[in-house]
Amino acid sequence: MREKNNKILRGLAGLLLIFFLDTAVVFPDEVGGLFTLCPLRVGQYAEYQIVSFENQDRDNRYRVAVSGTEILEGREYFWIQLDIIKGSARQITLKALTAGYDQAECARKPAGCLSEGIFFLFRTARRIILIDQNDAGYEISPEIFSAPPDILRGTLYSATPDEQNYIDYTKMTRLAPKENIAVPAGTFDCDHFQVETQSGEDFTAEGLDVWRSPDIPFLGVVKMEFSKTNFAEKWKYHYEQQLNNASWWSRLHTYFFVRRVPEKERQDTYVMTLVGYGTEKTRSDNRPLQ
Amino acid sequence: MEKKVKHTIIAAVLIVVAVTLYMLPLLLNLDNGITLWQKNRVSIWYQNCLDSFFYYDTIAGDHGWPFWGYCFEGGILVLSIPDEIVFHPLSPLILAVGAVKGMNLVYYIMYIFGGLSMFYLTSRVLKYDWAGSVYSSLVFVLCGFFPLLQVYGFGNARETILIPLLTAFYLRSVYSNAFILPAALILSLFCIQSALYFPIVVLFLFILALVTMFYKDTRLRVRHRNLRVFFIILALALGFSAFKLLPILEFLAIDNGSRGGAYPDSIASASSFPFLLECLVKPVNSGTGTMYIGYLPLLAGIVSGIVLWKRLWRWLFILLIFIGLSFGPHAGIDLHRILWHLPIFNAIDELAKYYSLIVIFIICLLAGRVFPIIRRYLPGKPGYAVGGTLMVISVVNLLTVNSAYFNEYKTKIPERKNGEQRFVQAGLINYHSGDDGAMSLLALSLYRENIGILNQDYDRYTPQINNNNIVPRYYLIPRFVFLAPSTKLICLPNPAYQGESSFLRPENKAELIRVTADSLAVRVTMTGKDRLVINQNYSRWWRSSAGKLENYKGRLSVRLDSVGSRIVSLDFRPGNFYLGGAISLFTLFFSVYFLYRPGKPPHIGRGENAVMV
């Protein structure tokens, strides 16, 4: 009898474990199923602009391209080139020799695919080349992308919302079947995915809006709004947290005074838009290494 | 004791007590920094904090002079940053009590000086009655304009609270030469500390000189001395500030030209009538330009302006001009656009922030004038009751509402890892420049880890340095460059980094063993002639203990001939600062001699309160 009970308990525990694991990784089918990616082809490129709140950084560009292929151990690898541009000057270029995305994995775990962008390709690359402003190329270890040095650990900056950034992807939903989105690269019928900007949540929880089209290379992103936070809510949360540990004077002061200076609501959003995409001739800029 | 002296002492005590109560949340947390994020953004206060730490660490820690900012942009002349605190008259407080506590105490003292200045202007120069003087002073010092800019981190607005003192000295100097020197000294403080507020204050003083030139005797007359005194004060102030202006001019000369205002950007935050009203009477933080005083002081100012317009027309005229300037294109005539064609004015990007200083100052001045009106229409006890009620309600309201800003001091600033880690530099790649505060906090955080920062985007009035040849130890890249929805920074070691000092030939070895704000020391081991390259921007003011100093592709370098191991020392001796200092001292002695030499009576005009009553 006792053994039977143990079996039942073990079974229940197993079921519970499966249930919790499932809820941790599974997304609504409609979200995962729509995350199909355009296969990588040589010459393919997509160029983005990211504008921060107050419409700053308009001169920044991010160009991702497949600049070539290489066969390693009988398998085709792609050279992914990321040019980081400010104004008319290229800041640095990073090139990664990578196997590309796993389509099935991306459809199953869209959050993993989306949250890392093309960083995943660098993290799993076989080789990485960094080309600096002076056009000098250096081979760097791909392992650096898996565990980059954390020079900001424990600093004040590491506590800012900029650095704490957290998006609850389990809340990601698809809003409408198709939305017509106009960006500098053209107008696209897009799937709109959203993590709603929640009120009353942890101040580091951010909202997200992504418009995707399977015709766009790499992640299919046509437009993305991120770092969406309702700062008035953050403000409130912040004070409530502070009050819990505050002195009687601070509590009294905050009760009478602080609430009299309420903040206006505004969403501090970064917007990434597609400014160009397509396929061009293979660029012969696989420079020799120094 | 004379009754007048008694009243002055009571007023001074009232002002000090009010300011102390007002700033009590800060005074109870003097060691704390500002809240990390306000409105989801980090305050630029952290830039002030960084300057303060650099000043403190250099003098108290390294026993040097804060001349060369080795950790900013690959090395810049610190003296040339318009609002750094090195030469602030109260900066020794920072050395005495520490960087953060000192900085907070400087603010407290400035508020007290500001309140007393307003009392001096209104009671001694403009001859207000006691209640009017106290009312104007308290409304001015407790208004929302200064604390908002303080918690936002606009340290250059700190000294503007002394504008009543400048006005008072200017008005008195029209009748007595003895006040020219103090007026010039106060204006020079604006020049060396207040950056873009300096041209605003000069413009205000110029308009004040123009409108006070005219007076009616038996007929309309013009007193040219007003304008002459203004130009003398300006010239002396520039002379006193020469020790700072010469380094600033050199700094401006090395600007790579990428700065410069675009007019549409400059008017992005132009005020308007509803916004102005909101900034004055709504107890909300409406962003820069907020200067909450509440309905009663505003009403008092309006009543004074209407009833006494014949006496106050000059102040009303200046008020209208500056309201018009803050409105930019929202005004009938875009006065700001005319000024924007002038140098310095074209760097002004937040109209409300700058022009509002004069707006709030004059409104507070006008508000104090309501007390004679109350007495005239309500003589005796009813007048006292109404005046007293007005004073109490206004002051209590301002105390309760605006002191909330000082509740923002909650953050403990960690200690610097001095000596634990060798100095290196990190280069920012496409950091989100919309958030100046976060960038300044990043710079402070890295500084505390002994890491300098490259590509920090300063305010528009600070020139951009062309430091492309400085080789960072690390690249700091926001994750969004990888098309990820994140502003987090990724740190990549730079494979091209060869150390903070190196030789062109790899067989020779160099190690930077000391770096301070006025000296460098490199241990070298050489087998043949070579060029020692130091990973700092070149400046002609460095002096080397060995070899010849040269500019090597924008970096500091020394040609060394002798072989063997030794230590090469470099000292920073900024000649432009010494020359400027000599000019400043000469101007001071020259002005003291001519203005106060024995036997020269001060110029006495038509009486102290003939014009601005």
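Above: the structure in question.
A brief structural summary.

Cut-offs used in this document
- Residues numbered from 1 in each chain as written.
- Chains lettered and ligands numbered in written order.
- Predicted model: local features only at pLDDT ≥ 70, side-chain atom pairs only at ≥ 80, totals over all residues.
- Axes fitted to C-alpha atoms, helices over the stretch in contact; angles between N-to-C directions.
- Helix = DSSP H or I, 4+ residues; strand = E, 2+ residues; numbered from the N terminus.
- Left-handed = near helix turned anticlockwise from the far one by under 90°.
- Contact = placed C-beta atoms within 7 Å.
- Nonpolar A, V, L, I, M, F, W, Y, C, P; charged D, E, K, R; others polar.
- Core = buried A, V, L, I, M, F, W, Y, C linked by C-beta atoms within 7 Å.
- Buried ≥ 20, exposed ≤ 12 C-beta atoms within 10 Å, placed from the backbone.
- Pairing = 2+ DSSP bridges.
- Expected span 1.5 Å × (residues − 1).
- Bend = angle between axes of the 7 residues up to and from the residue.

### What about the packing of helix H10 (residues 197-213) of chain B against helix H18 (residues 351-368) of chain B?
Residues and elements named next belong to chain B.
Okay, so step 1: At a closest axis distance of 10 Å, the pairing of H10 and H18 adopts a crossing angle of 35 degrees. Crossing of H10 over H18 shows right-handed handedness. Contacts from Tyr197, Ile200 and Phe204 in H10 reach Tyr354, Tyr355, Leu357 and Ile358 in H18.
Okay, so step 2: For the contact of H10 with H18, a count of residues per class yields 7 nonpolar, no polar and no charged.

### Focus on the nonpolar core
All names here are of chain B.
Okay, so step 1: One finds Cys143 and Ile233 to be the most contacted residues of the largest nonpolar core, which totals 262 residues.
Okay, so step 2: At 15 residues, the largest contribution of residues to this core is made by H18.
Okay, so step 3: In this structure, Ile233 is in contact with Tyr170, Ser173, Ile180, Ala183, Ala184 and Leu187, ignoring residues within four places of it in sequence.

### Some details on the pairing of strand E12 (residues 270-279) of chain A
Along any regular strand, the residues point their side chains to alternate faces of the sheet.
Residue and element names in this part refer to chain A.
Okay, so step 1: Pairing analysis gives 8 bridges linking strand E1 (residues 44-51) to E12, with the strands arranged antiparallel. Within the sheet, the bridge partner assigned to Gln49 lies in E12 and is Thr273.
Okay, so step 2: Two elements, strand E11 (residues 221-228) and E12, share 4 bridges in a ladder whose sense is antiparallel. Residue pairing in the sheet places Lys223 in a bridge with Thr273 of E12.

### Describing the pairing of E1(A)
Okay, so step 1: Inspection of the sheet shows E1(A) paired to strand E2 (residues 60-72) of chain A by 4 bridges, in the antiparallel sense. Paired with Tyr48(A) across the strands is Tyr62(A), a residue of E2(A).

### Digging into helix H16 (residues 309-327) of chain B
Residues and elements named next belong to chain B.
Okay, so step 1: When the terminal C-alpha atoms of H16 are compared, their 23 Å separation across 19 residues is substantially less than the 27 Å that a helix rising 1.5 Å per residue should span.
Okay, so step 2: Within H16, the axis deviates most sharply at Trp315, by approximately 40 degrees.
Okay, so step 3: Within H16, burial applies to Leu312, Trp315, Ile318, Leu319, Ile321, Phe322, Ile323, Leu325, Ser326 and Phe327.

### A few points about the packing of helix H5 (residues 99-125) of chain B against helix H6 (residues 130-142) of chain B
Residues and elements named next belong to chain B.
Okay, so step 1: Axis separation between H5 and H6 bottoms out at 8 Å; the angle between their running directions is 150 degrees. The element H5 and its partner H6 pack so that their crossing is right-handed. Across from Tyr111, Gly114, Gly115, Met118, Phe119, Thr122 and Ser123 in H5, the residues of H6 making contact are Trp130, Gly132, Ser133, Val134, Ser136, Ser137, Leu138, Phe140 and Val141.
Okay, so step 2: Residues belonging to the contact of H5 with H6 are distributed by class as follows: 8 nonpolar, 8 polar and no charged.

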